[in-house]
Amino acid sequence: MNKLLFSKKGPIDQINNTTLVFNFLNTESLWHYKNNKLYGNLISNKNNINFPDGKYISFKLNLKQQRGPSFTKSFLLSDIAKVKRHFFIGNCTRKKLNQVTNIPIKNIEIYAPPYINGLEFSEEEKNKILKSLKIFKPDYIWVAIGAPKQEILSNQLYSKYKCTYINIGAAIDFLTKVKSEAPSMWVKLKLEWLYRLITDFKHSKKKVYRSIIGLRYLSLIKVEK
């Protein structure tokens, strides 16, 4: 199995200079990379830029940790974000995003896809999203539907509509206070997984299990040249 490449540069250094798919990956992502062929092929192709969201990956590669929620908050609250057009795929509202970011409502568009049991959205659903993208013409597309669905969807949309796609999982829920993010002390102690397990056991137990197993696959990653 080919090594999964991670970027030397952080997302803030690349977001305005490229039109690609941004992925923030942790050890659960490595589990999916090892066990899901479609996901693995997509995040390892040349249209993707991968960042070490997890402490263990950043330590292994000797790279600065790039947390998806931290980047999302920092960028969406920045002055540059206010003059850009943002398309969000996930369950959030224009009004709430406007309130927390001060991005004008006219620069925000939302597409809330239906829940699916599998990993791929139907062609009909993807065509609906593509139609909305072509009408709105965003600068950035934020995909907040959780891994591995978000990475798969972003890559499939990218093949038909080139833009900067940013896969951010629960980052919007944290930003809008729908979910509580792990306190900084838990993050520093590398116990963010435990905080999620305690506060949201039902939705976190599988993620934590996969993250632990994913530690076995740290040998599958390397830094880009």
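This text follows the structure it describes.
What counts, and where the lines are drawn
Every chain's residues receive numbers from 1 upward, in the order its sequence appears when written. Whole-chain, interface and lining totals are the exception, using all residues; otherwise, since this is a predicted model, local features are given only for residues with pLDDT of at least 70 and side-chain atom pairs are given and counted only at 80 or more. Think of the side-chain values as coming from all heavy atoms in the structure, minus any hydrogens and water. Here the term buried applies to any residue with accessible area under 20% of the maximum for its type, exposed to any over 50%, and partly exposed to those in between, with areas from a 1.4 Å probe on protein chains only. By definition, any uninterrupted DSSP run of H or I lasting at least four residues is a helix, any uninterrupted run of E lasting at least two residues is a strand, and each is numbered from the N terminus. The contact rule is simple, with two residues in contact once any of their heavy atoms fall within 4.5 Å. Residues adjacent in sequence count toward polar contacts only when both atoms are side-chain atoms; beyond that, a polar contact is any pair of N or O atoms within 3.5 Å, and within protein one must be able to donate a hydrogen and the other to accept it. Using a grid of 1 Å spacing that covers the protein atoms alone, one calls a set of points a cavity when a 1.4 Å probe fits there but cannot get out, and a pocket when the set is open and has protein on both sides within 12 Å along at least five of seven lines; lining residues are those with an atom within 4 Å of a point. Grid points are joined across faces, edges and corners, and a volume is the space filled by probe spheres set on the points. Amino acids are sorted into nonpolar (Ala, Val, Leu, Ile, Met, Phe, Trp, Tyr, Cys and Pro), charged (Asp, Glu, Lys and Arg) and polar (every other residue, Gly among them).

Taken together, the buried positions of helix H1 (residues 27–35) are occupied by Thr27, Glu28, Ser29, Leu30, His32 and Tyr33. Considering only its buried residues, H1 is in contact with strand S1 (4–6), strand S2 (21–25), helix H2 (37–43), helix H3 (55–61), helix H11 (201–214) and strand S8 (221–223). For H1, the N-terminal cap is Asn26; the gap from its side-chain oxygen to the backbone nitrogen of Glu28 is 3.0 Å.

This paragraph deals with the layout of surface pockets. In this approach a probe as big as a water molecule rolls over the atoms, and the regions it shows empty are the leftover space. In this model, the second largest pocket occupies a volume close to 200 Å³. Every residue lining the second largest pocket is counted, 14 residues in all, and those nearest its centre are Leu5, Asn45, Asn48, Ile49 and Glu224. Those elements that provide at least two residues to the lining of the second largest pocket are S1 and strand S3 (48–52). Of the residues that constitute the lining of the second largest pocket, the class distribution is five nonpolar, six polar and three charged.

Along S3, five of the five residues are buried, which leaves the element largely enclosed by surrounding structure. The two faces of S3 match: Asn48, Asn50 and Pro52 on one face and Ile49 and Phe51 on the other face are all buried.

Keep in mind these values describe shape, not function.
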